[in-house]
Protein chains: 4
Amino acid sequence: MSCSTGKNIVVTVFGQSHSQAIGAVVDGVPAGIGIDESRIADFMKRRSAKDGISTARREADEIRIVSGIVDGITCGAPICAIIGNVDTKSSDYDDFKNLPRPSHSDFSAYFKHNGNNDIRGGGNSSGRMTAAICFAGAVCIQLLEKKGIYIGAHALSVYDAEDERFDPVNVSAEELKKIGSSEYPVLNPDSLEKMKKAIEDAKAEKDSVGGVIECAIVGIEAGTGEPMFDGIENKISSSVFAIPAIKGIEFGSGFDGSRKHGSENNDDFRKCGEKIVTSKNDHGGILGGMASGMPVIFRCAVKPVPSIGKAQRSVDLESGEEKEITVCGRHDSCIVMRAVPCIEAAAAIAIADLVF
Amino acid sequence: MSCSTGKNIVVTVFGQSHSQAIGAVVDGVPAGIGIDESRIADFMKRRSAKDGISTARREADEIRIVSGIVDGITCGAPICAIIGNVDTKSSDYDDFKNLPRPSHSDFSAYFKHNGNNDIRGGGNSSGRMTAAICFAGAVCIQLLEKKGIYIGAHALSVYDAEDERFDPVNVSAEELKKIGSSEYPVLNPDSLEKMKKAIEDAKAEKDSVGGVIECAIVGIEAGTGEPMFDGIENKISSSVFAIPAIKGIEFGSGFDGSRKHGSENNDDFRKCGEKIVTSKNDHGGILGGMASGMPVIFRCAVKPVPSIGKAQRSVDLESGEEKEITVCGRHDSCIVMRAVPCIEAAAAIAIADLVF
Amino acid sequence: MSCSTGKNIVVTVFGQSHSQAIGAVVDGVPAGIGIDESRIADFMKRRSAKDGISTARREADEIRIVSGIVDGITCGAPICAIIGNVDTKSSDYDDFKNLPRPSHSDFSAYFKHNGNNDIRGGGNSSGRMTAAICFAGAVCIQLLEKKGIYIGAHALSVYDAEDERFDPVNVSAEELKKIGSSEYPVLNPDSLEKMKKAIEDAKAEKDSVGGVIECAIVGIEAGTGEPMFDGIENKISSSVFAIPAIKGIEFGSGFDGSRKHGSENNDDFRKCGEKIVTSKNDHGGILGGMASGMPVIFRCAVKPVPSIGKAQRSVDLESGEEKEITVCGRHDSCIVMRAVPCIEAAAAIAIADLVF
Amino acid sequence: MSCSTGKNIVVTVFGQSHSQAIGAVVDGVPAGIGIDESRIADFMKRRSAKDGISTARREADEIRIVSGIVDGITCGAPICAIIGNVDTKSSDYDDFKNLPRPSHSDFSAYFKHNGNNDIRGGGNSSGRMTAAICFAGAVCIQLLEKKGIYIGAHALSVYDAEDERFDPVNVSAEELKKIGSSEYPVLNPDSLEKMKKAIEDAKAEKDSVGGVIECAIVGIEAGTGEPMFDGIENKISSSVFAIPAIKGIEFGSGFDGSRKHGSENNDDFRKCGEKIVTSKNDHGGILGGMASGMPVIFRCAVKPVPSIGKAQRSVDLESGEEKEITVCGRHDSCIVMRAVPCIEAAAAIAIADLVF
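Structure report, in brief. (Residues numbered from 1 in each chain as written. Chains lettered and ligands numbered in written order. Predicted model: local features only at pLDDT ≥ 70, side-chain atom pairs only at ≥ 80, totals over all residues. Heavy atoms only, no water.)

Residues and elements named next belong to chain A. As summarised here, the arrangement of the five strands in space is E1-E2-E3-E7-E4, forming an open sheet in which the pairing is antiparallel. The sheet is open, and its two edges are formed by strand E1 (4-5) and strand E4 (63-67), each paired on a single side. The sheet contact formed by strand E2 (residues 10-14) and strand E3 (residues 21-27) spans five bridges and is antiparallel. Each residue of the ladder has a partner; that of Val10, found in E3, is Asp27. The strands touched by helix H3 (residues 130-145) within the sheet are E2, E3, E4 and strand E7 (79-84), with E3 carrying the most contacts at an inclination of about 30°. (Pairing = 2+ DSSP bridges. Helix = DSSP H or I, 4+ residues; strand = E, 2+ residues; numbered from the N terminus. Contact = heavy atoms within 4.5 Å. Axes fitted to C-alpha atoms, helices over the stretch in contact; angles between N-to-C directions.)

The structure is reproduced here in C-alpha cells:
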C-alpha cells in the first residue's frame, strides 16, 4: 500500500513525473463540508516554482476535481483530483536511463523494478508527486480548520542561514495564517536575504543547498492521538518521509533535548485560566503519542537537491562501466521554500486521519 | 489500529505496565522457519535493568510462547508470546491518579480516555510495553537473518558523553553481532566510562539524562522498500516512535546534511568488484524510500527520563489546584542503554514487513 | 493480515487447536465501558459441546483476560484474553500427518505451509479457533448493546429439519435475548426434536449433517455502513467466513429474491409513527451497503462436519499412494447449534467496527 | 476505507454516477508486466448496455490510463484510469431528491450523509461505479493470467430461466475464455432464449428481474489463500458485495450442501497423474480458506433491479408525507448479463491480492 496512507481519512496518490497526469484520492471525508477550491489553488501556488530560486519547469498545477464535491460541498464520496503533467521534457532523461544520478532514487528504483521503472523525471519518486500530496493536504487543512486546527511551517534554515524559531508556547493560528500568505515562508526578513544569497551562491556554482523546515500545529485537543504505533509522532513522520529529500524529523526539543537533564527538559504543568498548560514546550505538544494541547512543533531536515550541474561519478547499469555524469535538467538549487507547504500538507494528512 | 503495525508481518502488542500480562502477536511469519527461543531470551535480557544504571524494578521477562511454533519451527499460525507482569507495585501510583507527572503520558492519556486510563506504571504508554516490542523484534531479527540482514545499535551519546559513530560504509554483520553480545552497547570503552559517570551524576542529583542511539542495518538488497508512504524511512520512523522517549530520528547525514552543499552530500556511485557502491554513505542506505544496498544508518533522540526525584509542579486534574509533585517510584535515571535493543527490535519489525 | 480484521475495532486471533493456548486481542475499544466478564463466560458456554449432539472433547474455555480491563471497566488499552488448550489428544492426529482428511483444511494447509502446518486438531484452521472469535464477539456484543444494537441467531435448519424464520420486520431485542438464553437456539420446539433426530441418525451412521443459521441484528441506525468495499454485507461476510464450515451467506431475500420480480422484491417505504419503515424486509435491512434501520437479516450455510467415521479415500502426501482413511477423533456430528453463537460473534465484530 | 480494498494489490475506486468522471487506482502491480489496453477495452464492452435487454443510457466508457503504464509495460507506479461520465441526465433525479426510491441506496445514503449525498444517478452507490471496478478487474485479470489463473462467469439464471452449471471438476481455461468472448454469457443457447423472454416480459410490465451468476476460477495453486479473515471466501465475498444488487454468495455446494450428509458432501482425494484431485468439487476449490487446486466455484444472487416503472410507495424525507413514486429514468430491466463481467472483475481483484 505504498501510495496510500491513513485509516479514517485515506489518501491515495498516483502518477509519475511525466505520466499523463498525477492526482490524489481523499476518501473518508464526511459529507456536508464546504470546500473552497480557490483556497486549494492558492495553496498549490505556494508550492510553485519561484523566480530566482527555483526550477525553470513551470507547473501550472491546474487541478481538476472529478468527484466527491457537489456545488462546493462534500457529498461523502471520495474526492479525486487530477493534475495534468504539461511542461515535461522527457528527452532530458534519455541519458540517465542506465546511468543513475547520484543520491537520486534512479538507482534503488532500477533494482526494485528490475529496470522497468519510469526514469523520466524521477518517475513516481519525483518531487513532482508532492503536488498530489499538496492537493490532499489542502483538503485536509480545510477539514481541520472546521475543528479549530491550524498548521503552518517556515524555512528555519537554508544552508547556514537561519531563521528564528516559532515561539513553541505562544505560536498562534493568526501567525500561521500570515506565514502561509507571505511570498516566502520565513519569519525574519533578514534571514530571508541570507537564505536567498546562499541559494544564489550555490546556483552560481552549479551546486545546491538543503535546509530545515519547522512546522507548528495549533488547536489539537489534549488526548488526540494514540499510544504505540499510531501516535502523533509516528503518523506525522510516516507522512512527511513521503516527501522526497526529507531525511530527519524531531519533535519538541528533539535532538537537543537528548543532551539535557530531565529536570531541564521536563515541562511542568500549570493553570492558565481554565486551561492546563506548560511554561515551555520541550515535549512538542505530544506526550506518549497523544496531544497535550500545547502546539505540536516539529522540524524536518531537507537534504540538498541531488541534481547538480557539477560533474559526478556514476556507473552504467547495463555495461557496468564507471562514467562521469552531469545533470542538466531544469532543477531547483534549493527546494526548501517549495517544500514548506508540502510539509504542512503531509502534517495535515496525518492529523486529519487522527481527528476524523 | 494503534497497537498493530505492518502489512505482511503484522505485529500486535497488548498489555499495560501493571496488567496481568503483556504480550505480542506476530502474524504473517512463513511456516518452516526455525526460531531459537534461547536467543529470544538473550535478546530480552539486553533490555533488562542493569546494576547501577537502571531501575530497581526487576522484570524477569519470562516469555511464554503460546502459539505459532511447533518443535522450534514456525507452523504459519500467528506467534503469540505472553510476558507476565510480576514485580509491580501499583500503590506507587496512587498519588498520581489525578496529578499528572510532567512530560509523562499521564496527562494526555487522561484526556484521551476521559480519566479511565490505567495510570498504574503508565498503563499501555509505559516503557514496560517495549518488552513486547522486543519479543516481536527478536522474532523478526531471526527472520531477517535468514535473508542475510543484520541489525545492531549502540548508545551514540548519553547526555554530553559521546561514542564513536559506526563506519557507515564498512559496518559489518560481525561488528553488529559483537555489539549485541557486549554488556553495554558502546563502541568505545572510554565513552562508556563517561556515559556511566553522566548517569551517576544525574542519579545523585535525583535527575535523569537522555541520549542518542545509532542503528545500522546491513544486508538489505538494493530496491527493497517503496516510494511514498511505505518507504524505509517512513516504516522505521513509524515503528521507533512507538518506543516512549524517542523524540527524533535522522537517516544518513540527516540534520547535518541539511547544512551541506549537494556536491558534498551526494554519494557518487562506483564499482567495487561486481557490486555498485558509494564511497561514503550520507544517504544512509536509502534513496527515494528504497534501499541502495549500502548499510541503512539512522539515529534516534532519546529524551531524558521524565520521572525524576526532584520536586516539580503539576495540576490536580480533579480539583484544578496547582501542586508540587515528586516522583518516587523505581525509575531509571537513563534508559538509553536499555532502549538500544528496543530500537533494533523496532527496526527489525519495520524491515521484516518490507522483505517478507 | 489473515488473523486480524477491522479498522476501528481491530480483532486479532491467535493460536492453534493444540497449541498451549489460543486467544484474541480486541483493540480500539473506547475507555470507560463496563464489561461484564460473567456474561462473556455465559456466551462462551453457548458454544460449548452439548450432550448427545456434540463432540466428546470438553473445552472448559476458561478465559483469562490479561489486559485492557481494570476493575471491570475498559481502560483504552487492547483487551487480550487467553484461553488454555487443555483436553487435547494430539496423538489422534499422528495418522493424518501426511494423509489429508477429505474436505478438511489439512490438504490446502499442507501446500500453503510446505508441510510445516500444525496438523494437530486442524491447527489454526480448527473450529477450536472459534472460541477466540467468540470471546472477541462477546466483548463486541456488550459494546453494541451500549448503542442499542442486539444480535441473535438460531438454527434455521439441520439437514432436512427446518425451523421457522425470524419475522424480518418485527423481530425484537427481547426475542433475540431470549433465544440467546435458551439451551438450544431454535424458535420452534417441534423443529428442535426433528433436528436432534437428524443428528442422532447421522451419528448412528458414523456420518454428519450440516444446516443453515439465521441471524438478526436490531437497532442499527439508518445510514450505518459504507458503500463499496466496507458495506454491511461485505463486512459481515468477510467476518463469518472466518468460521470454518461456512460456505454461503445471503442477506434479506437473498437467493430467493433473485427469482422474484422487482415489484415483488422491492420494499416500499411508509411511515410508522415518526419512523420510516418498510412493510416487509426483502432488502434485509441493507441498501447499498448501508443500514435502512430495518432489522439486518442474513442466513449462513453450514456444511456437514467433514470428520466422519465412515471410510473415505485419500492420498498419502509423502508416498503418493491412495489410501483409505477413517477419522476416529472426538468430533461433532453436527456443529450447527454450536456455530450459532459463533455467527453472532462474527456479526458483532463486523458491526462494532462500523459503529465505533 | 470504504473505497479501497486489498493489501498487496490495492484497488481504490472513486467517482459518482454523475460526477465529472469516475476511475480507479490499482497499486502494487509489479513493474515489467505487459498490459494490453485493447483487451481492457474489450472487457469494458462486456459490461456495456446491450440492445433489447438493457438501459438506454449509452456509456462509451472510454478509459484514459493516466499513470503506471509506460509503452504498454507496468512501471511499478500505481495504475490510474479515468472514465468520463458523459451521457448523464441529472434532471431525471430532481424528483427523487427527498423521495427515496424503494430498495435503492437513496434512503440509507440520505441518513449516512445527512442529506448531502449525491442523489444524481445513485451517487457513488450507483451501478455506474462497477465500470471502475471492471477496469481494476481487467488489469488484475491480465496479471492473473501471467500466473496461469483464469476467471469466467455466466448467467446461471434469470428469473425462472436456468442455464446449465459449469462442470465443477473439468471446467477449463478455454471454456472460460470462450464464454468471455460470446455476446451473452450463457452456456446453453436454449437457456438464453428463455432468459431474454423473461426480461422482455418484465420490461413489458414495467417490471424487472434478477438472477444468479456462477463464476469459476481455474489455475489457483493449492495452498493459496489464508485461514481466518483473509480466506478465499472472505476475500471474494468482501469484493463482490461491492457490486450493487448482489445479495448472496455461496461456494461449492453452498446452501445445497447444508442439506447433505458429510459422507455425501465430502470430496475424497485421489491421484490423477501426478496431481491430487477430487472426483467432484462440493468444496468449491476452497478448504479452510485456502485453495485445494480444484476450480474455485461460486454463485451470486443478483436482486431484481429496484428501478421499475410501476407505481410504488415512498415517504418524502422533508415533509414526512407518504407519496407515490414512479421511477422513469433509463434503467435496465435486468442487469444479470451486465453484472457477469463485474463479478469476474471483483473475483480477480480478490484473487490478485492473494497471489501477488
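Next, the rest of the story.
Time to look at helix H4 (residues 173-181) of chain C. All names here are of chain C. Every buried residue belonging to H4 is among Ala173, Leu176, Ile179 and Gly180, and all of these are buried. Each buried residue of H4 lies within a common arc of 130° when the element is viewed along its axis, so the set occupies one face. The outward face of H4, more than 90 degrees from its buried face, is lined by the exposed residues Glu174, Lys178 and Ser181. Its buried side turned inward, H4 meets helix H1 (37-47), strand E8 (150-158) and strand E10 (211-218). (Buried < 20%, exposed > 50% of the residue type's maximum accessible area, 1.4 Å probe, protein only. Arc of directions from axis to C-beta.)

In screw terms, the move from chain B to chain A is a rotation of 180° and a rise of 0.0 Å along the axis, fitting with an RMSD of 0.0 Å. The operation mapping one copy onto its partner corresponds to a two-fold rotation axis. Most of the interface of chain B is mirrored in chain A: 100% of its interface residues are interface residues there too. (Least-squares fit on C-alpha atoms with pLDDT ≥ 70 in both.)

The biggest cluster of nonpolar side chains holds 168 residues, and the ones touching the most others in it are Ile236 and Phe298 of chain A together with Ile236 and Phe298 of chain B. Sequence-distant contacts of Phe298 of chain A, defined by excluding residues within four places in its chain, comprise Ile213, Glu214, Cys215, Ile217, Ile236, Val240, Ile249, Glu250, Phe251, Ile343 and Ala347 of chain A. By size, the runner-up hydrophobic cluster in this structure holds 166 residues, among which are Ile33, Ala153, Leu192 and Val340 of chain C. (Core = buried A, V, L, I, M, F, W, Y, C linked by side-chain atoms within 4.5 Å.)

Counting residues at the interface gives 93 residues for chain B and 93 residues for chain A. When the area that chain B buries against chain A is broken down by residue, the three leading residues are Phe229, Lys247 and Phe269 of chain B, summing to 11%. The tally of links from chain B across to chain A stands at four salt bridges. If you look at where chain B meets chain A, you find 47 residue pairs in polar contact (both at pLDDT 80 or more). Tallying contributions element by element places strand E11 (residues 246-251) of chain B first for the side of chain B that touches chain A, with six residues. (Buried area = accessible area lost by both parts, 1.4 Å probe. Salt bridge = Lys/Arg side-chain N within 4 Å of Asp/Glu carboxyl O. Polar contact = N/O pair within 3.5 Å; in protein donor to acceptor, adjacent residues only side chain to side chain.)

Moving on, we come to the sheet that holds strand E7 (residues 79-84) of chain B. All names here are of chain B. If you trace the five strands from one edge of the open sheet to the other, you get E1-E2-E3-E7-E4, paired in antiparallel fashion. Two strands bound the open sheet, and with one partner strand each, they are strand E1 (4-5) and strand E4 (63-67). The sheet strands contacting helix H3 (residues 130-145) are strand E2 (10-14), strand E3 (21-27), E4 and E7, and the helix crosses E3 at an angle near 30°.

Our next topic: the pairing of strand E8 (residues 150-158) of chain B. All names here are of chain B. Most of E8 sits inside the fold, with nine of its nine residues counted as buried. As judged from the two bridges shared by E8 and strand E9 (residues 161-162), these two strands associate in the antiparallel manner. Across the sheet, residue Ser157 finds its bridge partner in E9, namely Glu162. The turn linking E8 back onto E9 is made up of two residues, and Tyr159 within it adopts a positive phi angle of 50°.

Turning to the pairing of strand E2 (residues 10-14) of chain D, a few remarks are in order. All names here are of chain D. Counting buried residues in E2 gives five out of five residues, a clear majority hidden from the surface. Burial along E2 is two-sided: the residues Val10, Thr12 and Phe14 and Val11 and Val13 are all buried. Here two bridges tie strand E1 (residues 4-5) to E2, and the two strands are oriented antiparallel to one another. What sits directly across from Ser4, in E2, is Thr12. The hairpin turn running from E1 into E2, its antiparallel successor, is four residues long, and Gly6 in that turn takes a positive phi close to 105°.

Turning our attention to the environment of Asn170 of chain D. Residue and element names in this part refer to chain D. On the secondary structure map, Asn170 appears in the loop between strand E9 (161-162) and helix H4 (173-181). Considered as a pair, Asn170 and Met294 are 124 residues apart in the sequence and their alpha carbons are 8.9 Å apart. Separated by 3.0 Å, the side chains of Asn170 and Asp167 make a polar contact.

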